[in-house]
Amino acid sequence: MSKFELIATSAFGIEAVTARELKKLGYFDQKVENGKVTFGGDEMAICRSNLWLRTADRVLLKLGEFKALSFEELFEQTKALPWDEIIPADAEFPVEGKSIDSKLFSVPDCQAIVKKAIVEKLKLRHKCEWFEETGPRYRIEVALLKDIATLTIDTSGAGLHKRGYRKLVGGAPLKETLASAMILISHWNKDRVLLDPFCGSGTIPIEAALIGKNIAPGLGREFDAENWNIIDSGFWDQARDEAYDLMVEDRELRIHGSDIDEEAMSLARYHAKKAGVEDAIHLQRLPVSDISSRYKYGIIICNPPYGERLGEKDYVDKLYREMGTVFNRLDSWSYYVITSNLEFEKLFGRRADKKRKLYNGKLLCNYFQYFGPPPPKITVSDN
């Protein structure tokens, strides 16, 4: 087994949730920073984290980190890293970059220098002058922050929010990773009812069903590192076998999704079927005003319209007032609402018990949390 330094990237505001997921997978050696969690692990860590992380954007293999104040320093220190131990002669290795508050601010120049340094290192190992780049992909990133360069290789490929079930997209879709974070922050569990009255194409109910049935979100897709020489295919087979063994497909869940848009409901039904959780979700076309439930101690998790578009304000103001009236009828329930609208609490008619700043894409939002009473504990008789 090899020992790697890995980075799980995530949206700002949910790093602690990603860190908690990693601990659940058994990776406690970690450092939490803005937008990322660095952790130690072996080949199985790469496989398991890609398959299981619900809230991370990508899993990166960290090659090195150093201070770079000149292009010469960037070149020499990049070349000194062990690229030749990881990247084969036929590999495709595009270089991407970003620079924040750094002396080396020209991203295209940094990318070109890093690419050249890696090529020079590979020449020494593979004894050739030209690389066709027709083989497996090793997407490299040079990230400069306050003159510190971090060099990584992306093990994931497509972003981890791409589970494989959402083939059709409705308007303003919520990322699967953010939906999962919202659910995990709520501490919803399989024994409680979950309702999303603005479910759109079904992301929140579907992610809840995957959590409730303990289905690894990455089981329906592939990852770039599956084609890497340094990770034997047996590791991926073992990780997938573990994931299938841990699924609880016959678990009964009470997950409900509704929306006023019939086209959105059709998308939700299609996606639920693609995800293999259609049996766990009850979907229906329903306006918010008609929301009700015979169940107690349920949880509402939703992403209503924000009123960002021109002409939406009056509609959204009325909608938020209506939400306050309808949700409060469910007096034993908890509510979790994400929106960028700063007037939400005023219109809803109640201050949140807790607020958390989250990003929906590039839009800064508040996650308003209203806590209902805890469900009564079930006591087991000794008789």
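Quick note: structure is the one above.
What you see is a predicted model; the values in this text were computed from it and never measured. (Residues numbered from 1 in each chain as written. Predicted model: local features only at pLDDT ≥ 70, side-chain atom pairs only at ≥ 80, totals over all residues. Heavy atoms only, no water.)

K.L.:
Honestly, the side chain of Thr-55 in this entry has me stumped. Any pointers?
P.N.:
Within the secondary structure, Thr-55 sits in the loop between α2 (43-52) and β4 (58-67). Within polar-contact distance, the side chain of Thr-55 engages the side chain of Glu-21 at 2.5 Å. Sequence-distant contacts of Thr-55, that is, excluding residues within four places in its chain, are made with Ser-10, Ile-14, Val-17, Thr-18, Glu-21, Thr-177, Ser-180, Ala-181 and Leu-184. (Helix = DSSP H or I, 4+ residues; strand = E, 2+ residues; numbered from the N terminus. Polar contact = N/O pair within 3.5 Å; in protein donor to acceptor, adjacent residues only side chain to side chain. Contact = heavy atoms within 4.5 Å.)

K.L.:
I tried to follow the pattern of salt bridges on my own but got confused; where do I start?
P.N.:
Oppositely charged side chains may form a pair once their charged atoms are brought near each other. In total, this model carries 23 salt bridges according to the counting rule given. Between Glu-96 and Arg-139 there is a salt bridge; the shortest N-O distance is 2.5 Å. Here Glu-96, found in strand β5 (residues 95-100), pairs with Arg-139, found in strand β6 (residues 139-145); they are 43 residues apart in sequence, far enough to count as distant. You can call Glu-96 partly exposed: its relative accessible area is 36%. Notably, a salt bridge pairs Lys-190 with Asp-191, separated by 3.4 Å at the nearest N-O pair. (Salt bridge = Lys/Arg side-chain N within 4 Å of Asp/Glu carboxyl O. Buried < 20%, exposed > 50% of the residue type's maximum accessible area, 1.4 Å probe, protein only.)

K.L.:
How do you make sense of the pairing of strand β10 (residues 281-285) when you look at a structure like this?
P.N.:
The side chains of a regular strand alternate between both faces of the sheet. Across five bridges, strand β9 (residues 255-259) lies against β10 in parallel orientation. Bridging across to β10, Ile-255 finds its partner in Ile-281. Considered for its hand, the β-α-β crossover made up of β9, helix α8 (residues 262-275) and β10 is right-handed. (Pairing = 2+ DSSP bridges. Right-handed = clockwise from strand over helix to strand, strands pointing away.)

K.L.:
Hey, could you run me through the environment of Gly-202 in this one?
P.N.:
Relative to the elements of secondary structure, Gly-202 occurs in the loop between β8 (194-196) and α6 (203-212). Exposure remark for Gly-202: the relative accessible area of 1% places this residue in the buried category. Along the backbone, Gly-202 and Ile-281 are 79 residues apart, and their C-alpha atoms lie at a distance of 9.5 Å.

K.L.:
Even after reading the chapter, I still don't get the packing of helix α3 (residues 71-79) against helix α4 (residues 107-126), so can you show me in this structure?
P.N.:
For any two helices packed against each other, one specifies the crossing angle of their axes together with the interaxial distance. Direction vectors running N to C along α3 and α4 enclose 35°, while the axes themselves pass 8 Å from each other. Note on packing geometry: the crossing formed by α3 with α4 is right-handed. Facing Phe-71, Leu-74, Phe-75, Thr-78 and Lys-79 of α3, the residues of α4 in contact are Asp-109, Cys-110, Ile-113, Val-114, Lys-116, Ala-117, Ile-118, Glu-120, Lys-121 and Leu-124. Split into classes, the residues belonging to the contact of α3 with α4 amount to nine nonpolar, one polar and five charged. (Axes fitted to C-alpha atoms, helices over the stretch in contact; angles between N-to-C directions. Left-handed = near helix turned anticlockwise from the far one by under 90°. Nonpolar A, V, L, I, M, F, W, Y, C, P; charged D, E, K, R; others polar.)

K.L.:
What is the right way to read a negative patch on the surface from this model?
P.N.:
A cluster of acidic residues, Asp-232, Asp-237, Asp-241 and Asp-245, forms a negative patch at the surface. Its location among the elements puts Asp-237 in helix α7 (residues 233-246). In this structure Asp-237 comes out as partly exposed when scored by relative accessible area, which is 47%. (Patch = residues over 30% accessible without salt bridge, like charges linked within 9 Å, V, L, I, M, F, W, Y side chains within 5 Å. Areas by Shrake-Rupley, 256 points an atom, 1.4 Å probe, with all protein chains shown as cover. Lys, Arg positive; Asp, Glu negative; His and termini not counted. Charge placed at Lys NZ, Arg CZ, Asp CG, Glu CD.)

K.L.:
Hey, could you run me through the pairing of strand β11 (residues 299-302) in this one?
P.N.:
Here β11 shows two buried faces, one formed by Ile-299 and Ile-301 and the other by Ile-300 and Cys-302. One ladder, built from two bridges, connects β8 with β11; its direction is parallel. Among the inter-strand pairings, Leu-195 is bridged to a residue of β11, identified as Ile-300. With four bridges joining them, β11 and strand β12 (residues 334-339) adopt parallel strand pairing.

K.L.:
So what exactly am I meant to see when it comes to α2 here?
P.N.:
Spacing of three or four residues puts side chains on the same side of an α-helix, whose turn is 3.6 residues. With nine of ten residues buried, α2 is to be regarded as a mostly interior element. All of the buried residues in α2 are Glu-43, Met-44, Ala-45, Ile-46, Cys-47, Ser-49, Asn-50, Leu-51 and Trp-52. Its side-chain oxygen at 3.0 Å from the backbone nitrogen of Met-44, Asp-42 defines the N-terminal cap of α2.

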